[in-house]
Number of protein chains: 2
Amino acid sequence: MSSPLRKDLRQKVAQLVVVRASGHALDSQRKYPSWELSNSELKTLLEEGVGGVILHGGTVHEIKDRCNKLSTWSNQPILLCADVEEGVGQRFEGGSWMPPPMALGLRYLKNPKEALLLAQEYGKCIGAQARRCGLNWVLAPVCDVNSDPLNPVINMRAWGCNPNTVSALVCAFHRGLVSEGVLSCAKHFPGHGHTQVDSHLELPIVESDIARLEEIELIPFKALIEQGVNSVMSAHILFQAIDPTSLATFSEKILSGLLRDEIGFEGMVVTDALVMQAISHRYGSGEAAVMAFEAGADLILMPLEPVQAIDAIVEALLSGRIPFEKLEYSLERRNREMSKLNIISKNSIEEDYSFQIGEEFEQSKELSLVDNIIDISIETRNDSNFQYSPDLVNLIRIDDLLPCPYLSSSSPALRIPSQFGCKNVIYHPLGVSPWQDKPMEPLEIDRFNQGPFLLQLFVRGNPFRGNKDANEPWVEVVEQLQQKNILSGLVVYGSFYFWEKLLVVLKSSIPAAYSPGQMQAAQQKILDFLFKANKNQFTEKNNRVEFTN
Amino acid sequence: MSSPLRKDLRQKVAQLVVVRASGHALDSQRKYPSWELSNSELKTLLEEGVGGVILHGGTVHEIKDRCNKLSTWSNQPILLCADVEEGVGQRFEGGSWMPPPMALGLRYLKNPKEALLLAQEYGKCIGAQARRCGLNWVLAPVCDVNSDPLNPVINMRAWGCNPNTVSALVCAFHRGLVSEGVLSCAKHFPGHGHTQVDSHLELPIVESDIARLEEIELIPFKALIEQGVNSVMSAHILFQAIDPTSLATFSEKILSGLLRDEIGFEGMVVTDALVMQAISHRYGSGEAAVMAFEAGADLILMPLEPVQAIDAIVEALLSGRIPFEKLEYSLERRNREMSKLNIISKNSIEEDYSFQIGEEFEQSKELSLVDNIIDISIETRNDSNFQYSPDLVNLIRIDDLLPCPYLSSSSPALRIPSQFGCKNVIYHPLGVSPWQDKPMEPLEIDRFNQGPFLLQLFVRGNPFRGNKDANEPWVEVVEQLQQKNILSGLVVYGSFYFWEKLLVVLKSSIPAAYSPGQMQAAQQKILDFLFKANKNQFTEKNNRVEFTN
């Protein structure tokens, strides 16, 4: 094949590849340099026709400039996407960060009407802020039904624990999202809710047969496809009963057979990130990309080596392994969805682009939405029983340390107790162990000068953590501290399942609180609640120690 | 006095106040909201004539837009300053971050010629990058002679331990700095090197008489004043022998008598931050500002309540407590120094302003300067003796956790040992205690499954830490681990004094390394050095676990 023709073919294939970039302007600021391409690499790939970029990190203000810059490096409209399932602030500092979807899933059981309304506003907030930042494709909603409390990776990211709740809420979310002129993505097909394995770390294997899929997993996906969701993301999971040989991302039976032919989805099929270890530990970038494309994926997300991925698909086309029609169909779908982008954008694009340096990014209605969702999702008990003493140990458990997105030196979870003279201790999995070898008394209390304790536990299924968190004996710690009468209060931020597990053993008289959201606003509300009985001893100016030279 | 005249007077006084702002664009991004004014407050104050802003936090890219924005809110040229003593990267992500000045102070003793050259480049790098960001006033160099190894706040920030070293190096630094078109600041007058108390926390009291000041502390200041330093910052220290009643910032004897009349300094005298607790715990914002202005300060830095500070000075002028001439002189000095700014800028302003999004901020000559200073400042011993085993515990000690500027999940200090299968443990003062109650065996080893240990200790005098760090028994830990033959290696990042203290007990056969700089580049060099004997077992792709959804 002549090189101009090959070049043309390469450009077409490149359009179907979505590469990873840091949201920061400078190479030196990349947080994950082994995954995030340098600016020169990005420039070259975009000039060669790469059709999409997934962004991670930086501020809303940086990301806006970043998206403009990336677009100028390309000679075509490109997909600019991010995993902002819980708000633009989840990835880009300065945006709104909302409690996880499960908070509304739980609310739906009590007040479906309110939950549906909030889910739609939730989607609208993400869509509007994403577009304000220059993004045009939001990798949400998660359509997985979290049917397994021990699911380490979906968990609170899901919109509920049963198919009908999830269907209703993702449809409401989706209406709000697309009304703001961005593209949407239903993930992780055919369903990631029924596994105890994190595909970021290893390959989950699911026994579900097609009957169970039809009854549970597929329902939210079908509902969203009905509603015209723009893309569907494949799961890195092996569904033995359906395709014993290929995980969903590589399964023609699942992507072409089930999703296209049976369900009749006509939008873009995108793989989950190919760098994830369920894939990267087994296949090279080139082969993984070809297998996914062959199975029915249109877009290849985050191959470890984008150039290898492009070249391998080109070879597969030239060798006849993959028919050229397949390429044309995928390009057609990409163009069709991106053209919708232009149509839907027109409505509401104006007022938003006013976002300027020095102006606030979050609009007041967005701020009150977040506040409202935090309020209705918080549970509290027995504040009047809360007694602090100067020797109270404020033991905070976090899973993410460097950095910890929800905890800074001025976070309420640290600041408020220390303003009352309490001793702060932060435990994290990389920290010195607080455990002793006594199953019923796991916490070595003399490392904390005896307590009493206020426990603030930040625990939720976070990607890459696997089941590490589940193995910490907090249930036993609660029992241990209660027995010694040194549990002054208990707060859980994050996993509802974890909170429920602790409630089983928690004495009804102990002051306690739960928030699905881990953000500072939630901390503030909960600590105000606990300490309000003692407000009179509260002195704002006290030990306000902050940094300067 | 009629209100138009009062308004005019208020505007003049406001010019002498420097307020604190976050470098971030959005209020919601402020890291120290109790200190950092909101955008609306800033806008109002700048419109009312406030003459300067000190910035902290954000990226080089944000700070550039930030400075432009702040300037548009003012109807006059304003001072835009930052504490970037060790490089713009010390405060603003993306800039160069160099080893602390003491690194060159130590080098000077071996190779004065090289140290002087590097000190000048050091200043040039800061001046050029500060101006690239839109800053026009660099609050450096530190002129204190660190004559006390236990000094908790100056320490490695000083350019040396004796007056001649400091004089020579600050003069070289200053030549480089001002050649790039920014204003300079000699601090902390009359000298902060001879104290064991951190004025961020309490009031240091120094016995030094004028004789000792003349022989030691004043020498670098006089040298820089000779060289035309644009401003001098006062220390929040009580010099009993000179003025038993007022600390330097409030002392007419020191600011007017010593600095103006005797030494003959004609530039701007600026207070250290008035929010510092040596001051804020004793005086209100208004009274503190008046006392400093009355004593001879021209500029009032970071009053906790800027409006109170301005109003109080206005009242002091109207009441006759402070003569109006004093105001005119201070305004005159501010104008004179700022006019120099315009002159010196002209030379080298062009090439720099090319800095654009997506381009690198650090120029190659700056990158190699940093690299060079790191190289010459690192000390290493016995790499060939370093043996790692899979059960090696990589115990990292840090003082700053939320966030930790020099440690992220991908930092070499964590990444390289874990690539070899070592267990990472991070200890920080807010963490679970690793100590047991045995003075000669302070580390409770069974919390670390027995070791052996690689100790990586990040320790340096950091403001606000007081003497907390000095109290940790690391000398005893080194002896304890050596006795048990489970000390595989020792690394110190930061304080030279601390390193020297450990060397006294460290067996000469143990692999060890020291770097004054704590940045990732220094970690990389040191761990490459330690692990290079084992490079063959090194697998870059191994456990490279990074975040995505």
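Check the entry above for the structure.
Source: prediction; values computed, not measured.

What follows is about the sheet that holds strand β9 (residues 268-270) of chain B. Residue and element names in this part refer to chain B. Taken together, 3 strands build an open sheet; the order of strands is β5-β7-β9 and the sheet is parallel. The open sheet has two free edges, formed respectively by β5 (186-189) and β9, since each of these has just one partner strand. Within the sheet, the average angular offset between the axes of one strand and its neighbour, ignoring direction, is 30°. Pairing between β5 and strand β7 (residues 231-234): 3 bridges, direction parallel. In the strand pairing of β7, A186 is matched with V232. Helix α7 (residues 210-226) rests against β5 and β7 of the sheet, and its axis sits at about 140° to β5. Along the sheet, helix α8 (residues 252-262) contacts β5, β7 and β9; its crossing angle with β9, the most-contacted strand, is approximately 150°.

What follows covers the packing of aromatic side chains. Taken as a whole and judged by the stated rule, the model has 34 aromatic pairs over all chains. Considering the side-chain rings of A:F448 and A:F453, the 5.5 Å spacing of their centres and the 70° angle between planes classify their relative orientation as edge-to-face. One exposure class covers both A:F448 and A:F453, and it is buried. Aromatic side chains B:Y406 and B:F458 sit 4.7 Å apart centroid to centroid with 10° between the ring planes, which places their arrangement in the stacked category. Linking B:Y406 in the loop between β12 (393-397) and α14 (412-419) with B:F458 in strand β14 (residues 453-459), this pair joins segments that are 52 residues apart in sequence.

A word on the pattern of salt bridges. Counted according to the given criterion, the structure contains 58 salt bridges over all chains. Through salt bridges that share partners, A:D83, A:E85, A:R157 and A:K187 make up one connected network.

Our next topic: the packing of helix α6 (residues 163-178) of chain B against α7(B). All names here are of chain B. Running from amino to carboxyl end, α6 crosses α7 at an angle of 20°, the nearest separation of the two axes being 9 Å. Overall, the two elements α6 and α7 adopt an arrangement that is roughly parallel. For α6 against α7, the interelement crossing comes out right-handed. The segment α6 lies against α7, with P163, V166, S167, V170, C171 and H174 engaging E215, I216, I219, P220, A223 and L224. Taken together, the residues of the contact of α6 with α7 break down into 9 nonpolar, 2 polar and 1 charged.

What follows concerns the relation of the copies chain A and chain B. One copy of the chain maps onto the second through a rotation about an axis and a displacement along it. Superposition of chain A onto chain B requires a rotation of 180° combined with a translation of 0.0 Å along the rotation axis, giving an RMSD of 0.0 Å. Viewed as a symmetry operation, the transformation between the two copies matches a two-fold axis.

Attention now moves to unusual backbone geometry. Put simply, B:A140 and B:P141 share a cis peptide bond, and its omega is 5°. Structurally, the position occupied by B:P141 is in the loop between β4 (137-138) and α6. In this chain, B:K187 is followed by B:H188 through a cis amide linkage whose omega measures 5°. The topology assignment puts B:H188 in strand β5. Positive phi values are uncommon outside glycine, yet A:M302 reaches one of about 50°. Structurally, A:M302 can be placed in the loop between β10 (300-301) and α11 (306-318). A positive phi angle is found at B:N155, which is not glycine, with a value near 45°. The topology assignment puts B:N155 in the loop between β4 and α6. Assessed through its relative accessible area of 4%, B:N155 is described here as buried.

Take the environment of B:A140 next. All names here are of chain B. For A140, the position within the fold is in the loop between β4 and α6. Judged by relative accessible area, A140 falls into the buried class, the value being 1%. Separated by 57 residues in sequence, A140 and D83 have C-alpha atoms that sit 7.0 Å apart. Those residues in contact with A140 that sit more than four places away from it in its chain are E85, F173, L177, S184 and C185.

Quick notes on the rules
- Residues numbered from 1 in each chain as written.
- Chains lettered and ligands numbered in written order.
- Predicted model: local features only at pLDDT ≥ 70, side-chain atom pairs only at ≥ 80, totals over all residues.
- Heavy atoms only, no water.
- Pairing = 2+ DSSP bridges.
- Helix = DSSP H or I, 4+ residues; strand = E, 2+ residues; numbered from the N terminus.
- Axes fitted to C-alpha atoms, helices over the stretch in contact; angles between N-to-C directions.
- Contact = heavy atoms within 4.5 Å.
- Phe/Tyr/Trp six-rings, centres within 6.5 Å; stacked < 30°, edge-to-face > 60°.
- Buried < 20%, exposed > 50% of the residue type's maximum accessible area, 1.4 Å probe, protein only.
- Salt bridge = Lys/Arg side-chain N within 4 Å of Asp/Glu carboxyl O.
- Parallel < 35°, antiparallel > 145°, perpendicular 65-115°, else oblique.
- Left-handed = near helix turned anticlockwise from the far one by under 90°.
- Nonpolar A, V, L, I, M, F, W, Y, C, P; charged D, E, K, R; others polar.
- Least-squares fit on C-alpha atoms with pLDDT ≥ 70 in both.

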